[in-house]
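Spelled out from the first residue to the last, the chains are:
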Amino acid sequence: MKIKQILILLEEMAPLAYAEDFDNVGLLVGYQESDATGVLVCHDALESVIEEAITKKCNLVVCFHPILFSGLKKITGKNYVERSILKAIKNDIAIYAIHTALDNHKNGVNKIFCDALGLKKTKVLVPKQNFIQKLVTYTIPENVEQVRNALFDAGAGKIGNYEDCSFNSQGIGTYMGNENSNPEIGERFEFVEAPEIKIEVTFEKHLQNKILKTLFVNHVYEEVAYEIYDLQNTHQNIGLGMIGELENPISETEFLTFVKDKMQCGGIRHSALLGKSVSKVAVLGGSGSFAIKNAIQAGATMFLTADLKYHNFYEAENQIVLADIGHFESERYTKNYIVDFLKEKITNFAIVLSEENTNPVKYL
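The structure contained in this document is the topic of the report that follows. In this text, all values refer to a predicted model and were calculated from it rather than measured experimentally.

Here we take up the overall build of the protein. Looking only at helices and strands, one finds eleven helices and 15 strands in the protein. Oriented by its inertia axes, the alpha-carbon framework of the protein measures out at about 85 × 55 × 40 Å. Counting all 364 residues of the protein, 48% fall into the buried class. Sequence separation of 24 or more characterises 72% of the internal contacts of the protein that already satisfy a separation of 6 or more. Total accessible area on the protein is roughly 19,100 Å²; 48% of this is exposed by carbon and sulfur atoms. Taken together, the 36 basic and 47 acidic charged side chains of the protein have centroids lying 8 Å from each other.

Structural data, given as structure tokens:
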């Protein structure tokens, strides 16, 4: 198996187009054409993890956090990033990072977080914006079903929990071909008025090339008329954080104790307790201070995240309990999810869960 075949599966799990613009995801080190000997899945691709990969004969390390985040002008081994990269290159080990591509996925980091706490009726907390486009095209009635079904198969027409969504309207199309034309209906230099169906479908913008290629292949016209619009709609199934509900409301203290045990937290910093029962909970794995207002607006009684600063706790405004459970802890089960996914897809290949604890934060 080539490394690139595994990368295709990883993109199926977490499309790189879902990642935030600031992020650095995908293949960071190595050749995708190399034969794969094994996959080691970890949280952070530190030097100790690369050594583990060498020992376990894995030449592809799949990490959650990108070890290469900002640009390097020199690689001399002076810090932990450079040492890890040097060791990987020296031992022909490829490194692939997932990070916010999986953060934003509806079944990714925050769904894993919710599932660990038993939250139900989950939905995205901060839906991704400027990610939806709309295709409008026109064809004869006899060609409508072929075009529409092909577009659905290519990924168009998905809205929330629904698939194969489109809007179709009837009208009259007109055209006249020149001496170089080869019209499907009518002759050159003939003014044609023909019944046409207008098809409108939405799609995720990273699919645009695939959608257009599909349109051109399945359309009967020599020249295909189409329009593409950027929509301001938010994407209901892609975005950061999630909100869900506990099956049975419990007290704030009971819930925080439960979270500490379930997520194996060394400690939990939190804002003032409000004396309310906890029923609706917002979560955001990793640094989530930017979503405090979203959690309040969503009606959450508690917001679990990480990396909150002193002044962030004031933003609770006696409307919500903010709880910082730790960065690593909030993403704890992510690597297990990646391993399970790959093992389901690849049954005859070594997929190894790293045994290295890469959490840099320690507790007394």
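Right, picking up where we left off after that structure.
In contact at an axis separation of 11 Å, helix 1 (residues 3-13) and helix 11 (residues 334-345) are set at 125 degrees when each is read in the N-to-C sense. Classed by the angle they form, the pair helix 1 and helix 11 counts as oblique. Along this stretch, helix 1 crosses helix 11, giving a crossing that reads as right-handed. The segment helix 1 lies against helix 11, with I6, L9, L10, E12 and M13 engaging Y337, I338, F341, L342 and K345. In terms of residue class, the contact of helix 1 with helix 11 is built from eight nonpolar, no polar and two charged.

Next up on the list: the side chain of H105. Structurally, H105 is set in the loop between helix 4 (100-103) and helix 5 (109-117). Apart from the residues within four sequence positions on either side, H105 is in contact with M13, A14, P15, Y18 and N237.

Bringing the side chain of S330 into the picture now. Along the chain, S330 falls in helix 10 (residues 327-330). Owing to a relative accessible area of 2%, S330 belongs among the buried residues under this scheme. Polar side-chain contacts of S330 include one of 2.8 Å to the backbone nitrogen of G286. Residue contacts for S330: discarding those within four places in its chain leaves F113, M263, G285, G286, A306 and I325.

Here the focus is the pattern of salt bridges. A full pass over the atoms with the stated rule returns eleven salt bridges. One salt bridge connects K2 with D35, and the closest N-O pair in it is separated by 3.1 Å. You can see K2 sitting in the segment before helix 1 and its partner D35 sitting in the loop between strand 1 (26-29) and strand 2 (39-44), a full 33 residues away along the chain. Residue K2 is classed as partly exposed on the basis of its relative accessible area, which comes to 31%. K345 is the salt-bridge partner of E12, the closest N and O atoms lying 2.8 Å from each other. A residue pair is termed long-range when its members are at least 10 positions apart, and E12 in helix 1 and K345 in helix 11 qualify at 333 residues. Relative accessible area serves as the criterion here: at 44%, E12 is assigned to the partly exposed category. Residue classification places K345 among the partly exposed positions, given a relative accessible area of 40%.

Before going further, it helps to spend a moment on the sheet that holds strand 1. The strand order across the open sheet formed by five strands is 1-4-3-2-15, and the pairing between neighbours is mixed. Only two strands of the sheet have a single partner each, and these edge strands are strand 1 and strand 15 (351-353). Ignoring strand direction, the axes of neighbouring strands in this sheet form an average angle of 30 degrees. With five bridges connecting them, strand 2 and strand 3 (residues 60-65) associate as parallel partners. Counterpart to V39 in the pairing with strand 3 is L60.

Thresholds, definitions, all that
- Residues numbered from 1 in each chain as written.
- Predicted model: local features only at pLDDT ≥ 70, side-chain atom pairs only at ≥ 80, totals over all residues.
- Heavy atoms only, no water.
- Helix = DSSP H or I, 4+ residues; strand = E, 2+ residues; numbered from the N terminus.
- Buried < 20%, exposed > 50% of the residue type's maximum accessible area, 1.4 Å probe, protein only.
- Contact = heavy atoms within 4.5 Å.
- Areas by Shrake-Rupley, 256 points an atom, 1.4 Å probe, with all protein chains shown as cover.
- Lys, Arg positive; Asp, Glu negative; His and termini not counted.
- Charge placed at Lys NZ, Arg CZ, Asp CG, Glu CD.
- Axes fitted to C-alpha atoms, helices over the stretch in contact; angles between N-to-C directions.
- Parallel < 35°, antiparallel > 145°, perpendicular 65-115°, else oblique.
- Left-handed = near helix turned anticlockwise from the far one by under 90°.
- Nonpolar A, V, L, I, M, F, W, Y, C, P; charged D, E, K, R; others polar.
- Polar contact = N/O pair within 3.5 Å; in protein donor to acceptor, adjacent residues only side chain to side chain.
- Salt bridge = Lys/Arg side-chain N within 4 Å of Asp/Glu carboxyl O.
- Pairing = 2+ DSSP bridges.

Honestly, it's all geometry; don't read function into it.
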